[in-house]
Amino acid sequence: MEYKDYYQVLGVAKTASQDDIQKAYKKLARKFHPDVNREAGAEDRFKEIGEAYEVLKDPEKREKYDRFGSAWKQAQQTGAPPPGWENISFDFGGGQGFGGGGFGASGFSDFFDMLFGAGARGGGSPFGAGFGSGGRGFATAGQDQESTIRLSLEEAARGGPRELVFSEPGSGRRTLTVNIPPGVKPGGKIRLSGQGGKGAGGAAGDLYLKVELLPHPELRLDGHDLHATVAVTPWEAALGGPVAVPTLAGPITVKIPAGSSSGKRIRLKGKGFPVPKGEPGDLFAELRIVVPESLTTEEKELFEQLSRVSKFRARS
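This one's a predicted model, so the numbers in the text were calculated from it and none came from an experiment.

**Student:** It is not clear to me how the sheet that holds strand E7 (residues 225-232) should be interpreted in this structure. Could you clarify?
**Tutor:** As a general point, the strands of a sheet are linked pairwise by backbone hydrogen bonds and lie either parallel or antiparallel. Strand order in the open sheet made by the four strands is E6-E7-E11-E10, with mixed pairing throughout. At either margin of the open sheet sits one strand with a lone partner, and together these are strand E6 (219-222) and strand E10 (265-268). When strand polarity is set aside, the average angle formed by the axes of neighbouring strands in this sheet is 25°.

So this is what it looks like as structure tokens:
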């Protein structure tokens, strides 16, 4: 067995405190434990981490390791401990240590008693949710789940609480109150912590609600800007005057300039979609001139009179 730099194995400096060593070890043990990490080499890495921690956690063993670094290398390679190391071993029960090729059955349990305390195999764990229950000492956290929430443009803009009802196989219906953040965009996700799949003794997963917007009858969202088409009569377009323009807060009256043609856009600054922690977008009202599909006798006479007296020509 080649010499190993146990400080490097745990990713700590040689001046690290005992508390830092313990924190580093627990973090790595969680990451590489074979019950939660199925990647190739994870179990070997887990054993290597445990080997390093067993030496560095003990001030006396750590002092000897620091002192006999080269002798430690010789002892590992020849099997003969250097002076002062006769009573040092890595046996975790069952007669098998880290250097002997792995954990024995009882050694594995003893190792976890040493690492997490006796409660780690029966229920409690210093790591909290996700650890410390189940026959093997580790619980399984619940899976994250995703669903869809459909909002009107106004609901997405103003945000606020909304009650949702979910159907769950075997458990009937579940009602949740969701706090919608103001200005949430389509495709955005709202996270509900702990409302996902249930864990096997561990913490439940999270529920992510993907936002979809329902079509609006008058407004269209483009980035943070809103677009509306406003129908006007020929005389409104020609003479100008007040027209109603739809907004998220309801229609407002806007004065259009005289001589407006179809396609003319009027910008309403700040009347668009809200931006979290920023200025809202703008609203663009595009004018569209519409004419009556059928004319009364009087209307027809007036249009004919206008066509005779007007010198305006739409086509040159």
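Following the structure, the description resumes.
**Student:** Sorry, what's going on with helix H4 (residues 59-67) here?
**Tutor:** All of the buried residues in H4 are Lys61, Arg62, Lys64 and Tyr65. Within H4, the buried residues cover an arc of 165° as seen down the axis, which keeps them to one side. Exposed residues lying more than 90 degrees from the buried face of H4 are Pro59, Glu60 and Arg67. One side-chain oxygen of the residue at the start of H4 lies 2.9 Å from the amide nitrogen of Glu60, identifying that residue as Asp58.

**Student:** What exactly am I supposed to notice about the pairing of strand E9 (residues 252-256) here?
**Tutor:** In the case of a regular strand, side chains alternate between the two sheet surfaces. Pairing of strand E8 (residues 241-245) with E9 involves five bridges; the strand directions are antiparallel. Bridge assignment links Val245 to a residue of E9, and that residue is Ile252. The turn joining E8 and E9, which pair antiparallel and follow one another in sequence, is formed by six residues; a positive phi near 110° is taken by Gly250.

**Student:** I keep staring at the confidence of the model for the protein chain and nothing clicks. Help me out?
**Tutor:** Note: predicted coordinates in regions of low pLDDT should not be interpreted at a detailed level. In this model, the protein chain carries an average pLDDT of 79, and 75% of its residues clear a pLDDT of 70 or more. Predicted confidence is poor over residues 75-79, with pLDDT under 50, and the contacts of this stretch with residues over four places away or in other chains come to nine contacts.

**Student:** I keep staring at a nonpolar patch on the surface and nothing clicks. Help me out?
**Tutor:** Taken together, the side chains of Trp235, Leu239, Leu295, Phe303, Leu306 and Val309 make up a nonpolar region of the molecular surface, amounting to roughly 620 Å² of accessible area. Of all the secondary-structure elements, those providing two or more residues to the nonpolar patch are helix H8 (234-239) and helix H9 (297-309). Counting residues per element, the nonpolar patch draws most heavily on H9, which supplies three residues.

**Student:** How should I be thinking about the pattern of salt bridges in this particular structure?
**Tutor:** Charged atoms that come close allow side chains of opposite charge to pair. Summed over all chains, the structure comprises ten salt bridges. Here Arg45 and Glu48 are joined by a salt bridge, their closest N and O atoms 3.3 Å apart. In this pair, Arg45 and Glu48 are both assigned in helix H3 (residues 42-56), three residues apart and thus about one turn of the helix distant. The shortest N-O distance in the salt bridge between Arg162 and Glu155 comes to 3.2 Å. By relative accessible area, Arg162 is classed as partly exposed at 26%. Among the residues examined, Glu155 registers a relative accessible area of 25% and is labelled partly exposed. What you see here is one network of salt bridges that share partners, running through Glu54, Lys57 and Lys61.

**Student:** Before we go on, may I ask you to explain the nonpolar core in this structure?
**Tutor:** Within soluble globular proteins, side chains that are nonpolar generally end up buried alongside one another. Grouped together as the largest cluster of nonpolar side chains are 32 residues, with contacts concentrated most on Leu209 and Val245. Of the residues forming this core, the biggest block, four residues, is contributed by E7. Beyond its immediate chain neighbours, meaning those up to four positions away, Val245 contacts Val230, Gly250, Pro251, Ile252, Val254, Leu268, Leu283 and Ala285. Core analysis: the next-biggest nonpolar cluster, separate from the first, contains 20 residues, Tyr7, Val9, Ile49 and Leu56 among them.

**Student:** In this structure, what is going on with the packing of H3 against H4? I would like to understand it.
**Tutor:** Between H3 and H4, the shortest axis-to-axis distance is 6 Å and the interhelical angle comes to 100°. Taken together, the axes of H3 and H4 are roughly perpendicular relative to one another. Of the residues in H4, those touching H3 at Glu54, Val55 and Leu56 are Lys61, Arg62 and Tyr65. In terms of residue class, the contact of H3 with H4 is made up of three nonpolar, no polar and three charged.

**Student:** What exactly am I supposed to notice about the packing of aromatic side chains here?
**Tutor:** Here the distance between the centres and the angle between the planes together describe a pair of aromatic rings. Under the definition given, this model contains one aromatic pair. Plain terms: the ring middles of Tyr25 and Tyr53 are 4.1 Å apart, the flat faces sit at 10° to each other, and that makes the pair stacked. With Tyr25 in helix H2 (residues 18-32) and Tyr53 in helix H3, the pair connects residues that are 28 residues apart, well separated along the chain. Overall, the relative accessible area of 0% leaves Tyr25 in the buried class. The residue whose ring lies beneath Arg45 is Phe32, and the NZ or CZ to ring-centre distance is 5.1 Å. Sitting over the face of the ring of Phe284, Arg265 holds its NZ or CZ atom 4.5 Å from the ring centroid.

How each quantity is defined
Residues numbered from 1 in each chain as written. Predicted model: local features only at pLDDT ≥ 70, side-chain atom pairs only at ≥ 80, totals over all residues. Heavy atoms only, no water. Pairing = 2+ DSSP bridges. Helix = DSSP H or I, 4+ residues; strand = E, 2+ residues; numbered from the N terminus. Axes fitted to C-alpha atoms, helices over the stretch in contact; angles between N-to-C directions. Buried < 20%, exposed > 50% of the residue type's maximum accessible area, 1.4 Å probe, protein only. Arc of directions from axis to C-beta. Polar contact = N/O pair within 3.5 Å; in protein donor to acceptor, adjacent residues only side chain to side chain. pLDDT = per-residue confidence, 0-100. Contact = heavy atoms within 4.5 Å. Patch = residues over 30% accessible without salt bridge, like charges linked within 9 Å, V, L, I, M, F, W, Y side chains within 5 Å. Areas by Shrake-Rupley, 256 points an atom, 1.4 Å probe, with all protein chains shown as cover. Salt bridge = Lys/Arg side-chain N within 4 Å of Asp/Glu carboxyl O. Core = buried A, V, L, I, M, F, W, Y, C linked by side-chain atoms within 4.5 Å. Parallel < 35°, antiparallel > 145°, perpendicular 65-115°, else oblique. Nonpolar A, V, L, I, M, F, W, Y, C, P; charged D, E, K, R; others polar. Phe/Tyr/Trp six-rings, centres within 6.5 Å; stacked < 30°, edge-to-face > 60°. Lys NZ or Arg CZ within 6 Å of the ring centre and 35° of its normal.

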